Each structure stands twice: as C-alpha cells, then as structure tokens.
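Structure assessment
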Amino acid sequence: MQFPPELDPDKIPVHVAIIMDGNGRWAQQRSMPRPLGHKVGVESVQAVVRAADDLNIKVLTLYAFSTENWKRPPFEVNALMGLLKSFLLRELETMLENNVSLRCLGQKDRLPKAVRETLDKVIAETADNDGLIFNLALNYGSRVEIIDAVQAVAHKCEVGELAVDGIDEELFAAHLYTGGLPDPDLLIRTGGEARLSNFLLWQASYAEIYFVDTLWPDFREDDLVDAIRVYQGRQRRFGKTGDQVQQS
Ligand code: IPE
Ligand code: IPE
Ligand code: MG
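Residues numbered from 1 in each chain as written. Chains lettered and ligands numbered in written order. Predicted model: local features only at pLDDT ≥ 70, side-chain atom pairs only at ≥ 80, totals over all residues. Heavy atoms only, no water.

Our next topic: the nonpolar core. When a protein is soluble and globular, its nonpolar side chains tend to lie buried together. Within the largest apolar cluster, 48 residues are counted, with the highest numbers of intra-cluster contacts made by F134, I188 and L224. No other element matches helix 3 (residues 74-97), which puts nine residues into this core. The contacts of I188, once residues within four sequence positions are left out, are V16, A17, I18, I19, Y210, V212, F219, L224 and A227. Listed in part, the 11 residues of the second largest apolar core include A17, A137, L187 and A207. (Core = buried A, V, L, I, M, F, W, Y, C linked by side-chain atoms within 4.5 Å. Buried < 20%, exposed > 50% of the residue type's maximum accessible area, 1.4 Å probe, protein only. Helix = DSSP H or I, 4+ residues; strand = E, 2+ residues; numbered from the N terminus. Contact = heavy atoms within 4.5 Å.)

See below:
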C-alpha cells in the first residue's frame, strides 16, 4: 500500500490495538453460519497486518479470543481454533518475508494442543524479526492479566526480591503480558458496540478510542487509514490544558 497522502507520517500511532468484532452478525446478515463470518474476518486480519506494516505502525495488537469467549457453543469455538491454526500456518512465510514478529497475549495453556504448538512454532521462528510486533490476544482477559501480574509481583515480595514500596506503575506494567511494549495510542473497536469487553484495561488508560459500525469482515486498509486520520485530528492532553499542549 502507498502511504496515504491524507495521513501525517510523523503522527502515526506507535501501537494500534483492535477489538475485531462483528463477524457473527456479518454472517447472520447473509443467512450464513457464524463461522463463515470468522473465515472472512481472517482476510481482514491479513489486510490489516500488511497495512499496519506499510503505515509504519510498530506494534499491532488484535483481540482474537477472550477469556469469556469459551462460553460460546463448542462448534463455534472449534471453528475459531481451526481458523486460527490455519491462519498461523499460512501466514508464517509472509511474516518472515516482512520481518514481522508474532507474540501471544493471554494464557496459552487452555488453547487446544495443536493450536498451542503451531503458535509456539510461529512465535519461535519469528522471534528474531525486528519489524512490526504483531500481538495476538488469545484466551486474553484483562482482569486475569492483572491478577497474573499481581501474583508475580507478590511472589517477588514474598521471596524478598522486591520491597512493597518498590511497586510503582512502571514495575507493575512490566509484569503484564505487554511488559516492555508501549501502551496503545489508538484502540479501535469494529462492529458498533461501545465497550472494552475486558481488553487492555490498564494499558488503554490514555488510548484514543475509535468505535466504528463497520463489521470486522468488512474492515480493510482504507478503514484503518480512516481510523488513523480521526486519531491524528484529536488533541491528546494527558491531563494538561489544551493551551499547554499547543505550546509544547
Ligand atoms: C468477533 O466477532 C470475533 C470473536 C469474538 C471471536 P463476533 O463473533 O463477536 O461477532 P458478533 O459480535 O457476534 O457479530
Ligand atoms: C470481544 O468481542 C472479544 C473479541 C473481539 C475477541 P465479544 O463479541 O466477545 O464481546 P461482547 O461479548 O459483545 O462484549
Ligand atoms: Mg461480538
């Protein structure tokens, strides 16, 4: 993709996170079974990963499966897991060509063995790539992530590796699944719902949030460009006044 003239190359969000919602409704609107919406949604994932790279985004985080999504009917969960595995196998070559490194946010142990093994393989093979960091949030829940971090930090205190008053925001953030990565600048949710659904509750404290009605299977490069254009038109104040921000 050519760099779009409507975007300012100096104000590209470093980290873009996306709640990919609306696959089921996309299929239902066409009287198709819901998994077909997920299948077409995979094409949106491929398009968005390539576009993110072309736009010089450094970190892309896609919410693919939540800790709550296990409550769905088994046939839908199985279809999602199958699509995930085939996506990873198909995409590996492209990730290597484009210097993309894959990471997983979430507890991998509950994923089916075949998915976990494929995921581990792709993560290992792309680990040395230093281009786009592509995080897949899988069996991800922000509350579980925070509890995991609390336990890790508490354990360090218990064994004397850390003093309680040594716990600050930076240290805590380093124990989240996103440790070492910058917070998202832009958080997009497709599919028309205006909620976070247990996604990046800590990290999104100052993210610009963009809710869009477009259903995920219809979301392509141009829609990502639109989201970034809106983002670039906003003033991020981080608690300061508008005048203070303009002067700096
Ligand atoms: C998002 O689409 C994909 C996942 C949550 C796995 P949905 O499947 O939630 O689609 P809707 O919201 O039911 O339309
Ligand atoms: C959020 O979508 C999770 C993912 C996109 C993976 P959901 O469709 O599960 O969210 P709710 O249930 O509408 O809040
Ligand atoms: Mg949904």
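Here the narrative resumes.
Attention now moves to the site of ligand 2. In the neighbourhood of ligand 2, the contacting residues comprise I19, M20, D21, Y63, A64, F65, N69, R72, R189, R195 and S197. A distance of 3.1 Å is found between an oxygen atom of ligand 2 and a side-chain nitrogen or oxygen belonging to D21. One of the side-chain N or O atoms of R189 is found 3.3 Å from an oxygen atom in ligand 2. Contact with the protein chains hides 78% of the accessible area of ligand 2, taken as 390 Å² for the molecule alone. Top element by residues in the shell around ligand 2 is strand 2 (residues 59-66). It accounts for three residues. (Near = heavy atom within 4 Å. Polar contact = N/O pair within 3.5 Å; in protein donor to acceptor, adjacent residues only side chain to side chain. Areas by Shrake-Rupley, 256 points an atom, 1.4 Å probe, with all protein chains shown as cover.)

Not every one of the 13 residues close to ligand 1 is listed here, only the nearest: M20, D21, G24, R25 and R72. At a separation of 3.1 Å, an oxygen atom of ligand 1 approaches a polar backbone atom of N23. Burial of ligand 1 by the protein amounts to 87% of the accessible area it has alone, namely 370 Å². Elements that contribute at least two residues to the shell around ligand 1 include exactly helix 1 (23-29), helix 2 (34-54) and helix 3. If you tally residues by element for the shell around ligand 1, the top one is helix 1, at three residues. Taken together, the residues of the shell around ligand 1 break down into three nonpolar, five polar and five charged. (Nonpolar A, V, L, I, M, F, W, Y, C, P; charged D, E, K, R; others polar.)

For any two helices packed against each other, the geometry comes down to the angle between their axes and how far apart the axes lie. Where helix 3 meets helix 4 (residues 113-126), the closest approach of the two axes is 9 Å, and the angle between their N-to-C directions is 15°. Between helix 3 and helix 4, the angle is such that the two are roughly parallel. Crossing handedness for the pair helix 3 and helix 4: left-handed. Along the contact surface, helix 3 presents M81, L84, K85, L88, L89, L92, M95 and L96, while helix 4 presents A114, V115, T118, L119, K121, V122, E125 and T126. Broken down by class, the residue content of the contact of helix 3 with helix 4 amounts to 11 nonpolar, two polar and three charged. (Axes fitted to C-alpha atoms, helices over the stretch in contact; angles between N-to-C directions. Parallel < 35°, antiparallel > 145°, perpendicular 65-115°, else oblique. Left-handed = near helix turned anticlockwise from the far one by under 90°.)

On to the pairing of strand 3 (residues 101-105). Look at any regular strand and the pattern is simple: side chains alternate between the two faces of the sheet. Counted residue by residue, strand 3 has four buried out of five residues, so it is predominantly covered. Taken together, the five bridges between strand 3 and strand 4 (residues 133-140) define a ladder with parallel strand orientation. Looking at strand 4, one finds that R103 is bridged to N135. Following the chain from strand 3 across helix 4 to the adjacent parallel strand 4, one finds a crossover that is left-handed. (Pairing = 2+ DSSP bridges. Right-handed = clockwise from strand over helix to strand, strands pointing away.)

As a general point, the strands of a sheet are linked pairwise by backbone hydrogen bonds and lie either parallel or antiparallel. Judged by pairing direction, the sheet is parallel, and its six strands sit side by side in the order 3-4-2-1-5-6 without closing on themselves. Lying at the two open borders of the sheet, with one neighbouring strand each, are strand 3 and strand 6 (208-211). Each neighbouring strand pair of the sheet contributes to a mean axis angle of 20°, computed without reference to strand direction. Each of strand 1 (15-19), strand 2 and strand 4 is contacted by helix 2, which is oriented at about 160° to strand 2, the strand it contacts most. Lying on the sheet, helix 4 is in contact with strand 3 and strand 4; it crosses strand 3 at an angle near 135°.

Turning our attention to the pattern of salt bridges. Throughout the structure, instances matching the rule amount to 14 salt bridges. Taking the shortest distance from any N to any O, the salt bridge between E193 and R25 comes out at 3.7 Å. Residue E193 is found in the loop between strand 5 (186-189) and strand 6, and its partner R25 is found in helix 1; the two are separated by 168 residues along the sequence. E193 sits in the partly exposed class, given a relative accessible area of 24%. For R25, a relative accessible area of 30% corresponds to the partly exposed category. Linking E208 and R236 is a salt bridge whose minimum nitrogen-to-oxygen distance equals 3.8 Å. Note that E208 is positioned in strand 6 and R236 in the loop between helix 7 (221-232) and helix 8 (242-247), a separation of 28 residues in sequence. Here E208 matches R236 in class, with each residue buried. Beyond isolated ion pairs, a larger network of salt bridges with shared partners links D21, R25, R189, E193 and R195. (Salt bridge = Lys/Arg side-chain N within 4 Å of Asp/Glu carboxyl O.)

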